[in-house]
Amino acid sequence: MNTDLALTLDDLSDPRIAEFLEQHLADMRSVSPPESVHALDLDRLRQPGIWFWSAWSGGPKNTLAGTGALKQIDATHRSEEHTSELQSRQYLVCRLLLE
């Protein structure tokens, strides 16, 4: 598997990220009951205490392959969320974001 991914601690300003996350939320809502959709929208991802990363294939800012976010819950606990454009890359993107 090609691991040519560039990871970026992201400020969520690239419009491709907004489009990617909107599609992810739409997909989640189409296959999951409302109480099972836990993805955050852009406004919630921009809140203090949330770190957001993007993973790009083909070099920095080329093709968005996935995203990940960490939220500080308290001094010892964090919550993580991730999305991936290609299911075959989902594990790799998540693993790289968490390393």
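Residues numbered from 1 in each chain as written. Predicted model: local features only at pLDDT ≥ 70, side-chain atom pairs only at ≥ 80, totals over all residues. Heavy atoms only, no water.

### Here we look at the overall build of the chain
Short version of the rule: For the purposes of this entry, the term helix denotes a DSSP run of H or I that reaches at least four residues, the term strand denotes a run of E that reaches at least two, and both are numbered from the N terminus. Burial classes follow relative accessibility: with a 1.4 Å probe on protein chains only, a residue under 20% of its type's maximum area counts as buried, one over 50% as exposed, and anything between as partly exposed. Any two residues whose heavy atoms approach within 4.5 Å at even a single point are treated as in contact.
Scanning the chain from N- to C-terminus turns up 3 helices and 4 strands. Reading the chain from its N end, one meets helices and strands in the order β-α-α-β-β-β-α. When the 99 residues of the chain are sorted by exposure, 35% land in the buried category. Of the contacts made within the chain by residues no fewer than 6 positions apart, 51% connect residues no fewer than 24 positions apart.

### Looking at the nonpolar core
Side chains that are nonpolar tend, in soluble globular proteins, to be buried together. Rule in force here: Each nonpolar core is a collection of buried residues, namely Ala, Val, Leu, Ile, Met, Phe, Trp, Tyr and Cys, held together in the definition by side-chain atoms within 4.5 Å.
Grouped together as the largest cluster of nonpolar side chains are 12 residues: L12, I17, A18, F20, L21, L42, L45, I50, F52, W56, L64 and A69. Within the residue set of this core, elements represented by two or more residues are helix 1 (15–31), helix 2 (42–45), strand 2 (50–57) and strand 3 (63–74). In terms of residue count, the dominant contributor to this core is helix 1 (4 residues).

### As for the pattern of salt bridges
So the rule is basically this: Salt bridges are defined as contacts in which a side-chain nitrogen from Lys or Arg sits within 4 Å of a carboxyl oxygen from Asp or Glu.
Counted under the stated rule, the structure contains 1 salt bridge. The residue D14 makes a salt bridge to R16 at a minimum N-O spacing of 2.7 Å.

### Describing unusual backbone geometry
One non-glycine residue, L12, lies in positive phi territory at about 65°. With respect to the element layout, L12 can be found in the loop between strand 1 (5–9) and helix 1.

### A few points about the confidence of the model for the chain
We apply this condition: The predictor attaches a confidence to each residue, called pLDDT, with possible values from 0 through 100.
Averaged over all residues, the pLDDT of the chain is 75; the fraction at 70 or higher stands at 68%. In this model, residues 85–91 is a region of pLDDT below 50 whose contacts with residues beyond four sequence positions or in other chains number 13 contacts.

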